[in-house]
Amino acid sequence: MLTRVDHIDLKVPDLAVALDFFTALGFVEVRRTPARGSVEVALPGEGQVIFELREDPELDRFVMDHIAFGSTDQAADAAALSAAGRSFSRTNTFIPVTGKTISDFTDPWGSRWQLSD
């Protein structure tokens with residue numbers, strides 16, 4: 001079903017401060033997506049989880065927006081999760097600015113999770 005944790009999306013009050021924080025922990029920049037206002041960072045080495053940082057100056061701390069899981073068959077995974085009671089707000093949706101296809105669903109408390117290719 002799911003193959004890996006693809007990325008963790010964090011909203012941060014100040015992108016520069018967040019980048020300094022992650023750099024001090026040993027993270028390196030992987031990609032910038034100006035159209036999203038985001039920077040992706042990861043620990044060095046192959047197969048590391050990506051942290052996508054997006055600025056939201058109205059916040060006073062880091063907030064997890066969602067965790068994305070890698071999926072090799074989003075249609076099948078979405079169907080299985082729907083059968084298990086998960087609600088999807090979108091499925092197999094291509095996001096041009098990131099080049100990824102995603103499906104968003106919620107947990108029992110309404111928090112957003114994601115499938116990603």
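Just so it is clear, the structure is predicted and the values come from calculations on it, not from any experiment.

**Student:** A description of the overall build of the protein should follow, citing residues and the corresponding values.
**Tutor:** Tallying secondary structure elements over the protein gives two helices and eight strands in all. The linear arrangement of helices and strands in the protein, starting from the amino end, is β-α-β-β-β-β-α-β-β-β. Projected onto its principal axes, the C-alpha coordinates of the protein cover approximately 40 × 35 × 25 Å. Counting across all 117 residues of the protein, residues that qualify as buried make up 38%. When contacts within the protein are restricted to residue pairs at least 6 apart in sequence, those whose partners lie at least 24 apart make up 54%.

**Student:** Please set out helix H2 (residues 74–83) residue by residue, giving values where relevant.
**Tutor:** Listed in full, the buried residues belonging to H2 are Gln74, Asp77, Ala78 and Leu81. Each buried residue of H2 sits inside an arc of 100° when the element is viewed along its axis, so together they form one side. Looking at the packing, one finds that the buried side of H2 touches strand E1 (2–12), strand E5 (63–71), strand E6 (88–95), strand E7 (100–106) and strand E8 (112–116). Remark: Gly85 follows H2 within two positions and exhibits a positive phi of approximately 100°.

**Student:** Now, about unusual backbone geometry: what can you tell me, with residues and values included?
**Tutor:** For Asn92, which is not glycine, the phi dihedral falls at a positive 45°. Mapped onto the secondary structure, Asn92 falls in strand E6.

**Student:** Which residues make up the layout of surface pockets, and what values go with them?
**Tutor:** Space left empty within the atom packing is revealed by a probe, the size of a water molecule, rolled over the atoms. Here the largest pocket defines a volume of roughly 240 Å³. Lining the largest pocket we find 17 residues, and of these His7, Arg36, Glu52, Thr98 and Gln114 sit closest to its centre. When residues of the lining of the largest pocket are traced back to their parent elements, those giving at least two are E1, strand E4 (50–55), E6, E7 and E8.

**Student:** Tell me about the nonpolar core, and please be specific about residues and values.
**Tutor:** Burial of nonpolar side chains together is a common tendency in soluble globular proteins. In this structure, Leu10, Phe22, Val41, Phe51 and Leu53 are the most contacted members of the largest nonpolar core, which totals 14 residues. Among the elements that line this core, the one with the most residues is helix H1 (residues 15–24), at four residues. Contacts of Leu53, omitting those with residues within four sequence positions, involve Leu10, Val12, Leu15, Ala18, Leu19, Phe22, Gly37, Ser38, Val39 and Val41.

**Student:** Give a detailed account of the packing of aromatic side chains, specifying residues and quantitative values.
**Tutor:** In this description, an aromatic ring pair is defined by two values, namely the gap between the centres and the angle between the planes. If you walk through the whole model with that rule in mind, you get eight aromatic pairs. Ring geometry for Phe21 against Phe22: centres 5.3 Å apart, planes inclined by 85°, an arrangement best described as edge-to-face. Judged by relative accessible area, which is 5%, Phe22 ranks as buried. Judged by centre distance (6.0 Å) and plane angle (10°), the rings of Phe22 and Phe62 are stacked. Pair noted here: Phe22 is in helix H1 and Phe62 is in the loop between E4 and E5, with a separation of 40 residues, a long-range link.

**Student:** How would you sum up the pattern of salt bridges? Please name residues and give values.
**Tutor:** In the structure shown here, the tally under the stated rule is 13 salt bridges. For Asp6, the salt bridge identified is with Arg4, shortest N-O distance 3.0 Å. Judged by relative accessible area, Asp6 falls into the buried class, the value being 8%. Glu29 serves as the salt-bridge partner of Arg32, at 2.8 Å between the closest nitrogen and oxygen. A cluster of three or more residues bridged by salt bridges with shared partners is formed by Asp9, Lys11, Arg36, Glu52, Arg54, Asp65, Arg90, Asp104 and Arg112.

Scoring rules and cut-offs
Residues numbered from 1 in each chain as written. Predicted model: local features only at pLDDT ≥ 70, side-chain atom pairs only at ≥ 80, totals over all residues. Heavy atoms only, no water. Helix = DSSP H or I, 4+ residues; strand = E, 2+ residues; numbered from the N terminus. Buried < 20%, exposed > 50% of the residue type's maximum accessible area, 1.4 Å probe, protein only. Contact = heavy atoms within 4.5 Å. Arc of directions from axis to C-beta. 1 Å grid on protein atoms, 1.4 Å probe; cavity = no way out; pocket = protein on both sides within 12 Å on 5 of 7 lines; lining within 4 Å. Points joined across faces, edges and corners; volume = space filled by probe spheres on them. Core = buried A, V, L, I, M, F, W, Y, C linked by side-chain atoms within 4.5 Å. Phe/Tyr/Trp six-rings, centres within 6.5 Å; stacked < 30°, edge-to-face > 60°. Salt bridge = Lys/Arg side-chain N within 4 Å of Asp/Glu carboxyl O.

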